[in-house]
Amino acid sequence: MPSASTGASTTVGAVPSLSAPDSRMAPGGPGYRRMSLALFLAGVATFALLYSTQALLPLVSQDFGVSASEASWTVSAATGALALFVLPMSALSERFGRRTLMTASLVVAVSVGLLVPFAPSIGALVALRAVQGAALAGLPASATAYLAEEVRPKALITAIGLFVAGNSVGGMSGRVITGWVAQEWGWRVAVGVIGVLAVACAVAFRLLLPAPRHFTRGSLRPRVLARTVGDHLANPLLCRLYAIGALFMMVFGGVYTVIGYRLTDAPFSLPQGIIGSVFLVYLVGTVSASTAGKLVARLGRRGSLYLAAGTTTAGLLLSLADSLPLVLLGLVLITAGFFAGHAVASSSVSHTATHGRAQASALYQSAYYVGSSVGSTLGAVAFHAGGWAGTVALGLLAVLGVVAITVFGSHAARAQSRRDPLPAH
């Protein structure tokens, strides 16, 4: 479809003419380090805020007198709202700019984060978390669209991997900090500390992020947006990538929503501070996400997804043991597999979309966070019904879905290559 019919940014990721030098950022070039650090910090703030209550769910349950499945809504409401609002936010970023929208989103999210500790009831807490999730929706799709516009194609997977690595650091630091702070002063002080941390990240982000040089203002007309979204949903490869992101996140959301309950119960009976420290395994995700570009270069996209799925499966099975070292090793493998798979799938979306990349990324993020919301809720329900084995069974079904979709994609690519003399993308 001609770019004029989409209303989206038409220069996103465009290849410069042979006579003009590529002015986009590249490793070692001007602005690249500032950009990388800024988006890394944005990723830290996003995941620290989004999952600030996840490690504290047993304490939230105790404070409000609610079950694990009810407390899990403090996570599901945030991720569900993010999934719902990420597409409209991506449209706003086409009109007002990536940096502007990311800044506004962080301002609102950190402001709400400072109110969360004062929630008088579980209902109020869930409502505040939903508002926070809706605000954070402006970050993920806008960040990947910004990178697709401002970074050279060969460096794109690495740049997105660094943003995803920031997510893992945010998730880890948020849970570790809240675990130890909550052990001494309660969950309310703990989420307040995360709010202050997020304020610092937001300020640094705005000061560091270079002004966009390749952004082209798009349209806010609903008909144009619907046409662009329709184009993406009609692309089989994009739809497969969306499903893969959702399924990987179902595993991750389910496991990390209920792991605190498992480690609180016998035979482990760990204190809250130690449970929070378990999330140090997120450092593995930082490494696996930031090296996704090298993994794809060696194994290809599908080979990397198979490896990520196999690693996640091994971790789920190991976590069934009643041995703390084996459970921790299982969490390491689950985390490594998830972040690698997520980095590969999300960067493939930016590479595959030929126009309206903010919307393409938004659809991926929407599917991804729907997976998180569904995984958090169903993981808690499965844990209530069948213990940890129930949560693991749910995760294994999701990983099986990833493998099935990837196998189908391989067959579809081979069939396309037989029909088309050009290499299939």
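As the structure is a computational prediction, the values presented were derived from the model and not from experiment. (Residues numbered from 1 in each chain as written. Predicted model: local features only at pLDDT ≥ 70, side-chain atom pairs only at ≥ 80, totals over all residues. Heavy atoms only, no water.)

**Side note on helix α2 (residues 57-64)**
Residue pairs spaced three or four apart in an α-helix point in one direction, given the helix's 3.6 residues per turn. When we look at burial in α2, the residues that qualify are Leu57, Pro58, Val60, Ser61 and Phe64. Each buried residue of α2 sits inside an arc of 165 degrees when the element is viewed along its axis, so together they form one side. In the stretch just after α2, glycine 65 is the one whose phi turns positive, near 65 degrees. (Buried < 20%, exposed > 50% of the residue type's maximum accessible area, 1.4 Å probe, protein only. Helix = DSSP H or I, 4+ residues; strand = E, 2+ residues; numbered from the N terminus. Arc of directions from axis to C-beta.)

**Some words on the packing of aromatic side chains**
Where two aromatic rings form a pair, the distance of their centres and the angle of their planes describe that pair. Within this structure, the stated rule accounts for 10 aromatic pairs. With a centroid separation of 5.5 Å and 75 degrees between ring planes, the pair formed by phenylalanine 252 and phenylalanine 339 is classed as edge-to-face. Highlighted residues: phenylalanine 252 in helix α11 (residues 236-264) and phenylalanine 339 in helix α15 (residues 324-352), separated in sequence by 87 residues. Ring plane angle 20 degrees and centroid distance 6.2 Å describe the contact between phenylalanine 338 and tyrosine 368, whose orientation is recorded as stacked. Residue phenylalanine 338 is found in helix α15, and its partner tyrosine 368 is found in helix α16 (residues 357-419); the two are separated by 30 residues along the sequence. Look at phenylalanine 338 and you get buried, because its relative accessible area is 1%. (Phe/Tyr/Trp six-rings, centres within 6.5 Å; stacked < 30°, edge-to-face > 60°.)

**Overview of the environment of glutamine 132**
Checked against the element boundaries, glutamine 132 lands in helix α6 (residues 122-136). The buried category is assigned to glutamine 132, whose relative accessible area is 2%. Excluding anything up to four places from it in sequence, glutamine 132 contacts Leu49, Ala109, Val112, Gly113 and Val116. (Contact = heavy atoms within 4.5 Å.)

**Describing helix α10 (residues 222-233)**
A rise of 1.5 Å per residue sets the reference length of α10, with its 12 residues, at 16 Å; its end C-alpha atoms lie 16 Å apart and thus fit the reference within 8%. On its buried face, α10 sits against α4 (73-96), α11 and α16. (Expected span 1.5 Å × (residues − 1).)

**Thoughts on the side chain of serine 373**
Topologically, serine 373 is positioned in helix α16. Leaving out residues up to four positions away in the same chain, serine 373 has contacts with Ser76, Thr79 and Gly80.

**Side note on the confidence of the model for the protein chain**
Taken over all residues, the pLDDT of the protein chain has a mean of 85, while the share at 70 or more is 93%. Averaged over each element, pLDDT in the protein chain is lowest for helix α13 (residues 282-290) (76) and highest for α6 (96). A low-confidence stretch, residues 1-19 stays under pLDDT 50, and its non-local contacts, those more than four residues away or across chains, total 36 contacts. (pLDDT = per-residue confidence, 0-100.)

**Observations regarding the pattern of salt bridges**
One pass over the structure, following the stated rule, counts 3 salt bridges. Of the charged contacts in the structure, one is a salt bridge between aspartate 322 and arginine 262, with a shortest N-O distance of 3.3 Å. Separated by 60 residues along the polypeptide, aspartate 322 in the loop between α14 (292-318) and α15 and arginine 262 in helix α11 bring together distant segments of the chain. Aspartate 322 gets classed as exposed once you look at its relative accessible area, which sits at 59%. For arginine 262, a relative accessible area of 8% translates into the label buried. (Salt bridge = Lys/Arg side-chain N within 4 Å of Asp/Glu carboxyl O.)

**With respect to unusual backbone geometry**
The step from alanine 266 to proline 267 runs through a cis peptide bond, and the omega angle for that step is 5 degrees. Mapped onto the elements, proline 267 comes out in the loop between α11 and α12 (272-277). Within the chain, serine 269 stands out as a residue other than glycine whose phi angle is a positive 50 degrees. With respect to the helices and strands, serine 269 occurs in the loop between α11 and α12. Accessibility expressed as a relative area gives 47% for serine 269, which makes it partly exposed.

**Thoughts on the nonpolar core**
Counting 125 residues, the largest nonpolar core has Met35, Leu39, Leu147 and Tyr256 as its most contacted members. Ranked by residue count, the leading element in this core is α11, at 18 residues. Setting aside residues no more than four positions away along its own chain, leucine 147 makes contact with Met35, Leu39, Leu156, Ala159, Ile160 and Phe163. (Core = buried A, V, L, I, M, F, W, Y, C linked by side-chain atoms within 4.5 Å.)

**Looking at the side chain of arginine 99**
Inspection of the secondary structure puts arginine 99 in helix α5 (residues 98-113). Polar contacts involving the side chain of arginine 99 include one to the main-chain carbonyl oxygen of leucine 209, which spans 3.0 Å. Each residue touching arginine 99, except ones within four places of it in the same chain, is listed here: Arg206, Leu209, Pro210, Ala211 and Pro212. (Polar contact = N/O pair within 3.5 Å; in protein donor to acceptor, adjacent residues only side chain to side chain.)

**Examining a nonpolar patch on the surface**
Taken together, the side chains of Leu114, Val196, Val199, Val203 and Leu207 present a nonpolar region at the surface, about 440 Å² in accessible area. The topology assignment puts valine 199 in helix α9 (residues 187-208). (Patch = residues over 30% accessible without salt bridge, like charges linked within 9 Å, V, L, I, M, F, W, Y side chains within 5 Å. Areas by Shrake-Rupley, 256 points an atom, 1.4 Å probe, with all protein chains shown as cover.)

**Digging into the environment of valine 112**
Tracing the chain through its elements places valine 112 in helix α5. Residues valine 112 and leucine 49 lie 63 residues apart in sequence; the distance between their C-alpha atoms is 9.7 Å. Not counting chain neighbours up to four residues away, the residues in contact with valine 112 comprise Leu128, Val131 and Gln132.

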